[in-house]
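# Observations on chain architecture
Single-letter residue listing:
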There are 4 protein chains.
Amino acid sequence: MNAKIRATVWGENVHEKKHPTVAKIYPHGMHQQIAEGLREAADFEIRTATLDQPDHGLTEEILEKTDVLTWWGHCAHGDVADKIVDRVQARVLQGMGLIVLHSGHFSKIFKRLLGTTCSLTWREAGEKERLWVCNPGHPIVQGLGPYFEIPNEEMYGEPFAIPTPDELIFISWFEGGEVFRSGATWKRGNGKIFYFRPGHETYPTYYQKEVLLVIRNAVRWARPEGSLWIDSCPNVPIEKAAEKISQKGESLHKPGEAGFR
Amino acid sequence: MNAKIRATVWGENVHEKKHPTVAKIYPHGMHQQIAEGLREAADFEIRTATLDQPDHGLTEEILEKTDVLTWWGHCAHGDVADKIVDRVQARVLQGMGLIVLHSGHFSKIFKRLLGTTCSLTWREAGEKERLWVCNPGHPIVQGLGPYFEIPNEEMYGEPFAIPTPDELIFISWFEGGEVFRSGATWKRGNGKIFYFRPGHETYPTYYQKEVLLVIRNAVRWARPEGSLWIDSCPNVPIEKAAEKISQKGESLHKPGEAGFR
Amino acid sequence: MNAKIRATVWGENVHEKKHPTVAKIYPHGMHQQIAEGLREAADFEIRTATLDQPDHGLTEEILEKTDVLTWWGHCAHGDVADKIVDRVQARVLQGMGLIVLHSGHFSKIFKRLLGTTCSLTWREAGEKERLWVCNPGHPIVQGLGPYFEIPNEEMYGEPFAIPTPDELIFISWFEGGEVFRSGATWKRGNGKIFYFRPGHETYPTYYQKEVLLVIRNAVRWARPEGSLWIDSCPNVPIEKAAEKISQKGESLHKPGEAGFR
Amino acid sequence: MNAKIRATVWGENVHEKKHPTVAKIYPHGMHQQIAEGLREAADFEIRTATLDQPDHGLTEEILEKTDVLTWWGHCAHGDVADKIVDRVQARVLQGMGLIVLHSGHFSKIFKRLLGTTCSLTWREAGEKERLWVCNPGHPIVQGLGPYFEIPNEEMYGEPFAIPTPDELIFISWFEGGEVFRSGATWKRGNGKIFYFRPGHETYPTYYQKEVLLVIRNAVRWARPEGSLWIDSCPNVPIEKAAEKISQKGESLHKPGEAGFR
């Protein structure tokens, strides 16, 4: 438990190249600014990965060295290769933590793990967002008061089409009148998943200290506490049964054979 | 609530054609025998659908008329078209009930909705299975005693790689010494999902009255009580906000524009 | 399923006698106004019960005839007898629905069933509350739009000290800047529980049509679909075991004896 | 995170004095043997507490220094004072872990936190129990294989009258034909709760290495990761509201006054 937490910050990194507004706020990419915020923690070891790299920067080797993966994507969700989504899903089930940020609600990996559409309502008016803490004792909110505010953000509103979270961490109040489940957790296999709403590309949200604090807390919370998930379907031969039994009835499989998939 | 419950029984119907052992037990196909069991209920309207039909028998029109879908598949999971899986998933999220039977644990639709591998251990020894009721007041077990037995079944054993069920309905005791979560429920969107373990193709399980009773109960339990799920991501224009606000900061989207996916 | 739903509306009925402000709004008591709202439904059979009646109006006989119980209490939570709380809890576990209203968050029965403190923050400023629907397909919100507003209400704010709900139905936005999980469900035993926030005694909330609609929908949703819960701890004698076994080792109990409690 | 984990082992310690069978197996009391098993871990600091001590050994001071409490009780559940149950509940909600052992399923504290009857079926025949691991990656099962066996145990059988666990860790197979959810977790407030079935007083179960390993793992898993739970119900005065508002409508409370309980 004393070893460093190895986090990989994944960024789509498309808006930053295409839109001057975004480029001005995040000249090195949003992923670099998120990584900066994590580097403030002495117990972390941080790397970044982006869509345009081979395997989107998420090779088997990199994922094996990743305790927690953060994910920001938006306009290029469809460009993420299915085989990489398979790979990330497998690692989450094994125990890798996953922090899904803002528009990542529509990423392939988030929808894959949750099984629902993850839709919501939205408005890009730069309105004020106030995030309320639903449980002041939760590790993810340590260092915060009862709420914090972001002066300008995109609005996301309910209904948010997710399965019931294991725990609700934040609910947002928006100036324009909406509310949203802005921080929520799930477990899939041995992996802990945290969705955190803020982070629209046209505002300097990832420079705000409370936002970075939450992401740091979440990375610590999501580090693997379990390991391993089951992706084999082993046959237990009759002679290896815990109780002595013998073959009865018909069978399609030969002893020890792999099952159908 | 007085209208009939419209159930569609889906069967892969491959073993029945390829393996004489199976053909002898289920000469009209396993799906026909399951459908027979459901037809005992006066309040049901039953149809069947199979893999070899156009759209695997699951057209938009059929699904719209289906309140509850039962699913048995095994050796041909990979032959189910992804677009049909998308379609079934969308209907489940909207509220259609889904009863996944036996080897359907590895079907695309089950893994899609649950987000995990759904692996398990297994043995085809025709051993005795005893299914214990975990909650005698649950609608799915009405008409059963504390347990019922199946004289010959395939063994499925823990670990079963699923997310925590909303409710555990049955746990199985196997002659060879294993245990298994044999009946479990989840909700995804507005659809109720029930996994029911028994039903190996080489045994006459779907002729057993307790098994048919459970499936009938489950169809009634899984009928839609909600409706509609959210698969749009509507923009709420500034002038339609519940509270009066005005544009602040930068924006990438034009007013009323659809969001990225 | 065609029989009427028998609902009992429980009211503390203390403020209505002590405070002229409340008496003016609810001259016959808050419970009578809630009962009026339910009587609009032709499929309901409604009775009321109050604190000052013998057994608080909740005798064994009444509870046995009650499918769903609604609960409003505030200043006299401590005057509810523990034996009546035991009785209500037993009926909920058996399958009776329970709708807990507003300040009932601090009732003995709600805390008993949830196991937590159920604390929250509050302000009595008559501010505007807007309740957002978290799942438009859920039976409890049928007939509502994306949200509804109450012009004057007491504010309840997060953190709300509850275990994670099975489903979140409403989140409230308050004029003063807070948010709250205003509609949430849990299952305990076979009983469905719905907490619904609105209903402060100094405002005419229970005259508002959306509020009454939600309570009617909730009563229908909470009607028993299961029955029976286990409050015996039966010994299974050796000779009645499903598998043949014989006594081994020491024992403190005599055969067939009741266990310790 | 480097400080020692402070565990308090609570034992009813009544059978050990009354029944020679039990005294022979556990001459120093069952709690001492459980404590011995925990002392094998260098990162633990262990104390014991028993029913006959003042405050049952669970003073405010002791509980404040307790990270995880283990609980074994049986014939004297009714002798545990309600005010001590209140105190333990409050500490669990704040974040103290709670490991409930065997017949502790009927303890006041377990029923208080879960809200259900926690009934089950049972038989004292010294039969073989085989505990299957439901998730080999979970921290509580590290060091175990797919299952372990206890040669002589009391049988506990389904139905087990609990709310759905957050995670199911073990399912037991019994020689006499029953099954049981033998290891299960819940969270209440910030406290993690683990129920672990084995440990009948007439067998030397707490000498078995796998049983002690599980309890050690569970103590580590249950150590507080959060802290603090909400047991105040603060009024937020109008002038402290996050958004500027002014009083509207009637009020029963004076500004800043405490709410009703």
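Only a predicted model underlies this, so the values are computations on that prediction, with no experimental measurement involved.

Attention shifts here to the relation of the copies chain A and chain B. It takes a turn of 180° to lay chain A on chain B, together with a shift of 0.0 Å along the axis; the resulting RMSD is 0.0 Å. Both chain copies can therefore be described as sitting about a two-fold axis. Closest to the rotation axis within chain A is the C-alpha of Gly115 of chain A, separated from it by 3.0 Å. Both copies contact each other with a shared surface, as 100% of the interface residues of chain A are interface residues in chain B too.

Two modes of strand pairing occur in sheets, parallel and antiparallel, and in both the strands are linked by backbone hydrogen bonds. Residue and element names in this part refer to chain A. Pairing is mixed across the open sheet formed by nine strands, whose spatial order is S2-S1-S3-S4-S9-S8-S7-S5-S6. Pairing within the sheet leaves two strands with one partner each, and these edge strands are strand S2 (44-50) and strand S6 (147-157). Sheet twist, expressed as the average angle between the axes of neighbouring strands with direction ignored, equals 25°. Across five bridges, the pairing between strand S5 (residues 121-133) and strand S7 (residues 167-174) is antiparallel. Following the sheet pairing, Arg130 is matched in S7 by Trp173.

Residues and elements named next belong to chain A. Counting buried positions over the five residues of strand S4 (residues 97-101) gives five, a clear majority of the element. Residue alternation in S4 divides its side chains into two sets, Gly97, Ile99 and Leu101 and Leu98 and Val100, and both sets are buried. The sheet contact formed by strand S3 (residues 68-72) and S4 spans four bridges and is parallel. Counterpart to Val68 in the pairing with S4 is Gly97. The handedness of the S3 to S4 crossover, carried by helix H5 (residues 82-94), is right-handed.

Put simply, the second copy of the chain is the first one after a rotation about an axis and a shift along it. Relative to chain C, chain B is turned by 180° and slid 0.0 Å along the rotation axis, the superposed coordinates differing by an RMSD of 0.0 Å. A share of 100% of interface residues in chain B that are also interface residues in chain C marks the association as one of identical surfaces.

Moving on: helix H3 (residues 30-39) of chain B. Given 3.6 residues per turn, any residue in an α-helix points the same way as the ones three and four places further on. Counted residue by residue, H3 of chain B has seven buried out of ten residues, so it is predominantly covered. Among all positions in H3 of chain B, only Met30, His31, Gln33, Ile34, Ala35, Gly37 and Leu38 of chain B are buried.

A few words now on the interface of chain A and chain B. Taken together, the contact between chain A and chain B spans 58 residues of the former and 59 residues of the latter. In terms of residues, the side of chain A that touches chain B owes the most to one element, S5 of chain A, which gives seven residues. Classifying every residue of the side of chain A that touches chain B by side-chain character gives 23 nonpolar, 24 polar and eleven charged.

In this complex, chain B contributes 15 residues to the contact, which on the side of chain C involves 15 residues. Considering only residue class, the side of chain B that touches chain C consists of seven nonpolar, six polar and two charged.

Time to look at the pairing of strand S7 (residues 167-174) of chain D. Residue and element names in this part refer to chain D. By the criterion of burial, S7 is predominantly enclosed, with seven of the eight residues buried. Strand direction decides the pairing type here: S7 and strand S8 (residues 179-188), joined by five bridges, are antiparallel. Across the sheet, Phe170 pairs through a bridge with Gly183, a residue of S8.

Let's shift gears to the sheet that holds strand S3 (residues 68-72) of chain C. Residues and elements named next belong to chain C. As summarised here, the arrangement of the nine strands in space is S2-S1-S3-S4-S9-S8-S7-S5-S6, forming an open sheet in which the pairing is mixed. Edge positions in the open sheet fall to strand S2 (44-50) and strand S6 (147-157), since each of these has one partner strand only. For this sheet, the mean inter-axis angle between neighbouring strands, taken without regard to orientation, is 25°. Strand contacts of helix H3 (residues 30-39): strand S1 (5-11), S2 and S3, with the helix running at about 175° to S2, the strand carrying the most contacts.

Another aspect to go through is the environment of Lys209 of chain B. If you trace the backbone, Lys209 of chain B turns up in helix H7 (residues 209-222). For Lys209 of chain B and Gly37 of chain B, which are 172 residues apart along the polypeptide, the C-alpha to C-alpha distance reads 8.3 Å.

Another aspect to go through is the nonpolar core. Generally speaking, nonpolar side chains in soluble globular proteins are found buried as a group. Ile99 of chain A, Ile99 of chain B, Ile99 of chain C together with Ile99 of chain D are the most contacted members of the largest nonpolar core, which totals 294 residues. Excluding its chain neighbours within four sequence positions, the residues that come into contact with Ile99 of chain C are Val68, Thr70, Trp71, Phe194, Phe196, Ile215, Ala218, Val219 and Ala222 of chain C.

The rules we used
Residues numbered from 1 in each chain as written. Chains lettered and ligands numbered in written order. Predicted model: local features only at pLDDT ≥ 70, side-chain atom pairs only at ≥ 80, totals over all residues. Least-squares fit on C-alpha atoms with pLDDT ≥ 70 in both. Contact = placed C-beta atoms within 7 Å. Pairing = 2+ DSSP bridges. Helix = DSSP H or I, 4+ residues; strand = E, 2+ residues; numbered from the N terminus. Axes fitted to C-alpha atoms, helices over the stretch in contact; angles between N-to-C directions. Buried ≥ 20, exposed ≤ 12 C-beta atoms within 10 Å, placed from the backbone. Right-handed = clockwise from strand over helix to strand, strands pointing away. Nonpolar A, V, L, I, M, F, W, Y, C, P; charged D, E, K, R; others polar. Core = buried A, V, L, I, M, F, W, Y, C linked by C-beta atoms within 7 Å.

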